[in-house]
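# Chain and residue survey
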Amino acid sequence: MRLAAVAVAQERKVVTALFCDLVGSTAMGEELDPEVMAGLLGEYQRVCRRVVESHGGVVEKFIGDAVVGVFGVPSSHEDDPERAVRAGLRLVEEVGASELGLQVRVGID
């Protein structure tokens, strides 16, 4: 039996990924009530989504306290890496200055 070849339209894109996570989130999760922790994470995620999207990125997913944003999807821009770096710097500033009392670390690839 021979399998028919399936042609799938593919497009290769260069994207820039931003990874952001909370400093000390494991310890916070052990100390805080689950409802309080969920509220903190919800507000943190709203800030992250707003900042990433305001710089032309898309939040790909939330993984616990981590946020993965991508730049260059669905449409790419010549300055996507710069947009990602600017978003990362803004995340550090806004989360640190917020009433949440949180700090983040950001990586860009």
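Summary of the structure given here. What you are looking at is a predicted structure, and each value in this text was computed from that prediction instead of being measured. (Residues numbered from 1 in each chain as written. Predicted model: local features only at pLDDT ≥ 70, side-chain atom pairs only at ≥ 80, totals over all residues. Heavy atoms only, no water.)

With that settled, the discussion passes to helix α3 (residues 80-97). Taking 1.5 Å of rise per residue, 18 residues should cover 26 Å, and α3 covers 25 Å from first to last C-alpha, within 8% of that figure. If you check which residues of α3 are buried, you get Asp-80, Ala-84, Ala-87, Gly-88, Leu-91 and Val-95. Considered in projection along α3, the buried side chains sweep an arc of 105° and stay on one side of the axis. Seen from the buried face of α3, the exposed residues on the opposite side, beyond 90 degrees, are Leu-89 and Ala-97. Where the residues of α3 are buried, they touch β1 (16-22), α2 (34-54), β3 (66-71) and β4 (104-108). (Helix = DSSP H or I, 4+ residues; strand = E, 2+ residues; numbered from the N terminus. Expected span 1.5 Å × (residues − 1). Buried < 20%, exposed > 50% of the residue type's maximum accessible area, 1.4 Å probe, protein only. Arc of directions from axis to C-beta. Contact = heavy atoms within 4.5 Å.)

A contiguous nonpolar patch, built from Val-85, Leu-89, Val-92, Val-106 and Ile-108 and spanning about 380 Å² of accessible area, is present on the exposed surface. The biggest single contributor to the nonpolar patch is α3, with three residues. Inspection of the secondary structure assignment puts Val-106 in strand β4. (Patch = residues over 30% accessible without salt bridge, like charges linked within 9 Å, V, L, I, M, F, W, Y side chains within 5 Å. Areas by Shrake-Rupley, 256 points an atom, 1.4 Å probe, with all protein chains shown as cover. Salt bridge = Lys/Arg side-chain N within 4 Å of Asp/Glu carboxyl O.)

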